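Here is how the chains run, residue by residue.
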Amino acid sequence: MLAPRKKLWSTPDVAVEAAIRLLSPLSPDDVVYDIGCGDGRFLVECARQKGCRCVGIEIDEPRAAEARNKVREAGLEHLVAIRVGNALEADFSEATAIFLYLVPRGLRIMLPLLRAHPTARRVVTYMKGFKEGRWGDGEMGGGWTGGSAGGALGGSAGGSVGGRGGPSIDRS
């Protein structure tokens, strides 16, 4: 299990906004992936605000259908694609930025896959940061983690949004 599954959690709006800020600057040249995209709210807001292409990977077909509906309602089918599949088997090599809302075990499992794709220059996690404080072993240069979506972003690792942790970022 990579994502919180006992109850279907959706990323709170405040965390979506914080993640978009942390991933910025984003441009139409960027390709942003959401691993475990759920209802697609992050993808819709990211595409709407930044005009970048977004791809969601969701293992649960009903959640993927919900995300597709949200994308269609927003009129963003030209910018956002939702793929049903296992993130461990997905090709996200075109990603220039990645958002993850995964349980700590899921982050540990995804870490080697993320390291294998150097095109992902920025990675933001919600709920829990990478244990070593950076998702790379020095290769990212200038990366940092931390922040709280409810307060000032940047600074301390951890933070709190809805009582379940906060966005963390690593960027080059």
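Residues numbered from 1 in each chain as written. Predicted model: local features only at pLDDT ≥ 70, side-chain atom pairs only at ≥ 80, totals over all residues. Heavy atoms only, no water.

1. Observations concerning the environment of A87
Structurally, A87 is set in the loop between strand 3 (80-84) and strand 4 (97-100). Residues A87 and G56 lie 31 residues apart in sequence; the distance between their C-alpha atoms is 9.8 Å. (Helix = DSSP H or I, 4+ residues; strand = E, 2+ residues; numbered from the N terminus.)

2. Focus on the confidence of the model for the protein chain
Interpretation of the predicted coordinates at a detailed level should be avoided for regions scoring low in pLDDT. Summarising the model, the protein chain shows a mean pLDDT of 74, and 67% of its residues fall at 70 or more. At the low end of the mean pLDDT range in the protein chain sits strand 6 (residues 168-171), at 43; at the high end sits strand 3, at 98. Across residues 130-172, where pLDDT falls below 50, the model places 126 contacts with residues more than four positions away in sequence or in other chains. (pLDDT = per-residue confidence, 0-100. Contact = heavy atoms within 4.5 Å.)

3. Here's the deal with helix 4 (residues 104-115)
Here helix 4 is twelve residues long and its end C-alpha atoms lie 17 Å apart, about the 16 Å a rise of 1.5 Å per residue gives. Among the residues of helix 4, G106, L107, M110, L111 and L114 are the ones counted as buried. Within helix 4, the buried residues cover an arc of 145° as seen down the axis, which keeps them to one side. Turned more than 90 degrees away from the buried face of helix 4, the exposed residues are R108 and P112. (Expected span 1.5 Å × (residues − 1). Buried < 20%, exposed > 50% of the residue type's maximum accessible area, 1.4 Å probe, protein only. Arc of directions from axis to C-beta.)

4. Structural notes on the nonpolar core
Among soluble globular proteins, nonpolar side chains are generally buried collectively. Grouped together as the largest cluster of nonpolar side chains are 28 residues, with contacts concentrated most on V32, F42, C46, C54, V80 and I82. At the level of elements, helix 1 (13-23), helix 2 (41-50), helix 3 (61-74), strand 3 and strand 4 are the ones that each hand at least two residues to this core. A per-element tally of this core places helix 1 first, with six residues. Beyond its immediate chain neighbours, meaning those up to four positions away, C46 contacts I20, L26, V32, G51, C52 and C54. Of all hydrophobic cores here, the second largest spans 15 residues; its members include F92, I98, L107 and V123. (Core = buried A, V, L, I, M, F, W, Y, C linked by side-chain atoms within 4.5 Å.)

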